[in-house]
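Residue strings, one per chain:
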Amino acid sequence: MKIPNEYPKFISKKTLLVVMGRENGKFYMAEKGFLSLVTEFGERVPKYSDREGFFIRLGRGKYFGSGSVYGPKIKEVEKRFMTDFRKEFLNVTRKNNFDQIYLFAPRFMHKYVEDEIPVNYRDIIKYRFAGNFQKEHPLKLLEIIGKEIEREHPGAVPVKEEARKILKKFKVINNR
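Residues numbered from 1 in each chain as written. Predicted model: local features only at pLDDT ≥ 70, side-chain atom pairs only at ≥ 80, totals over all residues. Heavy atoms only, no water.

Trainee: Please set out the packing of helix H1 (residues 74-95) against helix H2 (residues 109-116) residue by residue, giving values where relevant.
Mentor: With their axes 9 Å apart at the nearest point, H1 and H2 run at an angle of 45° to one another. What the angle tells us is that H1 and H2 run oblique. Of the two possible hands of crossing, H1 and H2 adopt the one that is right-handed. Residues Lys75, Phe81, Met82, Phe85 and Arg86 of H1 pack against Met109, Tyr112, Val113 and Glu116 of H2. Of the residues assigned to the contact of H1 with H2, the class counts are six nonpolar, no polar and three charged. (Axes fitted to C-alpha atoms, helices over the stretch in contact; angles between N-to-C directions. Helix = DSSP H or I, 4+ residues; strand = E, 2+ residues; numbered from the N terminus. Parallel < 35°, antiparallel > 145°, perpendicular 65-115°, else oblique. Left-handed = near helix turned anticlockwise from the far one by under 90°. Contact = heavy atoms within 4.5 Å. Nonpolar A, V, L, I, M, F, W, Y, C, P; charged D, E, K, R; others polar.)

Trainee: Pulling in residues and values, what's your account of the side chain of Thr15?
Mentor: Summarising the element assignment, Thr15 is placed in strand E1 (residues 15-20). On the basis of relative accessible area, Thr15 is assigned to the buried category, the value being 0%. One polar contact links Thr15 to Gln100, side chain to side chain, over a distance of 2.9 Å. Those residues in contact with Thr15, other than ones at most four positions away along the chain, are Tyr28, Met29, Ala30, Phe98, Gln100 and Tyr102. (Buried < 20%, exposed > 50% of the residue type's maximum accessible area, 1.4 Å probe, protein only. Polar contact = N/O pair within 3.5 Å; in protein donor to acceptor, adjacent residues only side chain to side chain.)

Trainee: Lay out the sheet that holds strand E6 (residues 100-105) in plain terms, naming residues and giving numbers.
Mentor: Strand order in the open sheet formed by five strands is E3-E2-E1-E6-E7, and the pairing between neighbours is mixed. Two strands bound the open sheet, and with one partner strand each, they are strand E3 (34-42) and strand E7 (125-130). On average, adjacent strands in this sheet sit at an angle of 15° to one another, irrespective of strand direction. Where E6 meets E7, five bridges bridge the pair, whose relative direction is parallel. Bridge assignment links Phe104 to a residue of E7, and that residue is Phe129. Contacts from H1 reach E1, strand E2 (24-31), E3 and E6 within the one sheet, and its direction differs from that of E3 by about 145°. (Pairing = 2+ DSSP bridges.)

Trainee: Quick one: what's the story with H2, residue by residue and with numbers?
Mentor: Listing the buried residues of H2 in full gives Met109, His110, Val113 and Glu114. Buried positions in H2, seen along its axis, are confined to an arc of 125° and lie on one side of it. Buried positions along H2 lie against E1, H1, E6, helix H3 (119-122) and E7. (Arc of directions from axis to C-beta.)

Trainee: Quick one: what's the story with the pattern of salt bridges, residue by residue and with numbers?
Mentor: Applying the stated rule across the entire model yields six salt bridges. Among the ionic pairs, Glu78 bridges to Arg22, the shortest N-O distance being 3.4 Å. Within this pair, whereas Glu78 is found in helix H1, its partner Arg22 is found in the loop between E1 and E2, the two being separated by 56 residues in sequence. A salt bridge links Glu114 to Arg128; the nearest nitrogen and oxygen atoms lie 2.4 Å apart. With a gap of 14 residues between them, Glu114 in helix H2 and Arg128 in strand E7 connect regions that are remote in the sequence. (Salt bridge = Lys/Arg side-chain N within 4 Å of Asp/Glu carboxyl O.)

Trainee: Could you give me a rundown of the nonpolar core, with the residues and numbers involved?
Mentor: Grouped together as the largest cluster of nonpolar side chains are 21 residues, with contacts concentrated most on Met20 and Phe85. Considering every element that reaches this core, the biggest residue donor is H1, with five residues. Contacts of Phe85, omitting those with residues within four sequence positions, involve Val18, Met20, Phe27, Phe41, Val113, Glu116 and Ile117. Listed in part, the 17 residues of the second largest apolar core include Ala30, Phe104, Phe129 and Phe133. (Core = buried A, V, L, I, M, F, W, Y, C linked by side-chain atoms within 4.5 Å.)

Trainee: Tell me about the packing of aromatic side chains, and name the residues and values.
Mentor: Applying the stated criterion across every chain, the model contains 11 aromatic pairs. Ring centres of Phe41 and Phe81 lie 5.7 Å apart, and the angle between their planes is 25°; on these two criteria the pair is classed as stacked. Of this pair, Phe41 sits in strand E3 while Phe81 is found in helix H1, placing the two residues 40 residues apart along the sequence. Each member of the pair Phe41 and Phe81 is classed as buried. Each residue in the set Phe27, Phe41, Phe81, Phe85, Phe89 and Tyr121 is aromatic and connected to the rest through ring pairs, giving one cluster. (Phe/Tyr/Trp six-rings, centres within 6.5 Å; stacked < 30°, edge-to-face > 60°.)

Everything listed here is a matter of geometry and, on its own, says nothing about what the molecule does.
Structural data, given as structure tokens:
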């Protein structure tokens, strides 16, 4: 999709937006005023509806306890998901040579994601945003990046045309 004019055109370099969650992720590519979804991937976590794996601990005629394993082994699911992430990341970066990367992921995932990214690509990660951005529209992601750049470097992001007119009027009033 073409990036609308009301959004700042601060992405002049070939950029990869990595949007991660606990179970799925997306890669967006921004280049020359266009934003496109490169790929989506994920690991389906099975939902348990019954008491699979129910057990009872008995001994010498006594009851010691019982229980069941309701959910999947989270570490195994996360490991498979990170393997999928690394595979998809390598596929995307083989096809495209990116100049910068923006990472959108929950805070606890940042370390896992960066460990899976090859060393030469870790250096070009510009910003890391903490939170769940899986359902956010890609233009909202660009807006978040623009706000962060504006916060760090005031005046770096171009102002919308309407705002420019208002500021111009304000400067004229102040100059009198």
